[in-house]
Amino acid sequence: SHINRLADIYRKRIQIIPDIKKIKIKLGLTRQIHLTVDVVDKKNNSPMQNIPLVAYLDDKVSQVNSLSDIDGKGIFVFNSLPKIKSTQYINYQIDYNNTYLNHLLNHNIHPIQSQTILEIIPPNIYFNFQENILGVLSEKSNLEPVIIEWFAKQYSANFVAMDEADLIVISIINIRAVSDLPNDYGIYQTFGDISISIKTGQTNEMIIEKSFNKIQGSDFISNLEAANQVLIKMSEKINDQFLPEIIEI
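No experiment lies behind these values; they were computed from the predicted model shown.

A. Quick look at the side chain of Asp41. As for its placement among the helices and strands, Asp41 is situated in strand 3 (residues 33-41). Note on Asp41: relative accessible area 8%, which makes it buried. Among the polar contacts listed, one links the side chain of Asp41 to the side chain of Arg13, at a separation of 2.5 Å. Sequence-distant contacts of Asp41, defined by excluding residues within four places in its chain, comprise Arg13, Ser46 and Met48.

B. Layout of the pairing of strand 1 (residues 14-18). Only one face of strand 1 is covered, namely the one carrying Ile14, Ile16 and Pro18; the face carrying Gln15 and Ile17 has none of its residues buried. Judged from the five bridges that link them, strand 1 and strand 3 form a sheet pairing that is antiparallel. Counterpart to Pro18 in the pairing with strand 3 is Val37.

C. Structural context of the confidence of the model for the protein. The share of residues in the protein with pLDDT of 70 or more is 90%, and the mean pLDDT across the chain is 87. For the protein, the element scoring lowest by mean pLDDT is helix 2 (residues 101-104), at 58; strand 12 (residues 167-177) scores highest, at 95.

D. Region of the structure containing the packing of helix 3 (residues 144-155) against helix 4 (residues 223-248). Two elements in contact, helix 3 and helix 4, have axes separated by 11 Å at closest approach and are oriented at 35°. For helix 3 against helix 4, the interelement crossing comes out right-handed. Residues Val146, Ile147, Trp150, Phe151, Gln154 and Tyr155 of helix 3 pack against Ser235, Ile238, Asn239, Leu243, Ile246 and Ile247 of helix 4. By residue class, the composition of the contact of helix 3 with helix 4 is nine nonpolar, three polar and no charged.

E. The nonpolar core, seen in detail. Judged by nonpolar contacts, the single largest core of 51 residues is most densely connected at Phe151 and Met234. With eight residues, helix 4 is the single largest residue contributor to this core. If near-sequence neighbours (up to four positions away) are discounted, Phe151 is found in contact with Ile125, Phe127, Ser156, Ala157, Phe159, Leu167, Val169, Ile198 and Ile246.

Procedures and definitions
- Residues numbered from 1 in each chain as written.
- Predicted model: local features only at pLDDT ≥ 70, side-chain atom pairs only at ≥ 80, totals over all residues.
- Heavy atoms only, no water.
- Helix = DSSP H or I, 4+ residues; strand = E, 2+ residues; numbered from the N terminus.
- Buried < 20%, exposed > 50% of the residue type's maximum accessible area, 1.4 Å probe, protein only.
- Polar contact = N/O pair within 3.5 Å; in protein donor to acceptor, adjacent residues only side chain to side chain.
- Contact = heavy atoms within 4.5 Å.
- Pairing = 2+ DSSP bridges.
- pLDDT = per-residue confidence, 0-100.
- Axes fitted to C-alpha atoms, helices over the stretch in contact; angles between N-to-C directions.
- Left-handed = near helix turned anticlockwise from the far one by under 90°.
- Nonpolar A, V, L, I, M, F, W, Y, C, P; charged D, E, K, R; others polar.
- Core = buried A, V, L, I, M, F, W, Y, C linked by side-chain atoms within 4.5 Å.

Printed below as a string of structure tokens:
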């Protein structure tokens with residue numbers, strides 16, 4: 001009982017102080033979050049070494065462990081970043097699961113010692129889609145809404161002019177007819193190519209670039225309907241093979 005009482009007294013002297021109380025991050029653009037805390041003795045403000053620590057986001061799914069060094073520093077690197085939510089918290093606490101104190105104190109502990117506030121800012125995105133369908137440049141893109149909707153759902157993105165953009169999405173689409181007339185089977189045939197890229201607005205750094213070529217469309221009515229079939233297949237390829245890679249990157 002005496003050891004238990006002393007353990008509780010000394011536990012209450014441990015203080016976890018975040019170096020950063022509030023941090024802003026751009027959703028989808030911040031690849032890692034590096035955070036540091038100081039572990040000190042409340043009584044004399046001296047650093048405390050070898051204190052097991054854990055930090056986690058609100059959902060407790062993304063969890064990072066650390067051990068305070070000789071200067072009382074605990075370092076946390078988060079690779080898994082939060083989803084859409086304007087304000088979130090990273091909580092720091094002593095990792096009682098890695099020490100005898102959890103059993104000694106019979107779980108009678110106050111878990112959260114301190115926090116860092118995460119202010120999540122949605123990215124600003126500019127789109128430039130050029131579609132040449134059967135020799136005619138489209139005034140309004142057929143595929144741009146597909147990507148706009150995805151970015152809106154995934155990242156709550158804002159859509160802005162080029163000079164305000166964090167990300168620039170550029171796509172060139174070209175669909176051509178094999179012939180003005182149907183083939184011997186009465187089928188109109190078209191082929192299409194699409195290139196799509198995303199780069200950063202400030203540095204022009206290429207983030208991802210992809211092409212899909214010779215996508216075939218066919219229809220019994222007209223080349224225009226056959227071209228629409230190509231656009232549908234392009235949309236499927238964007239959703240299945242392009243957009244998932246953006247999340248990984």
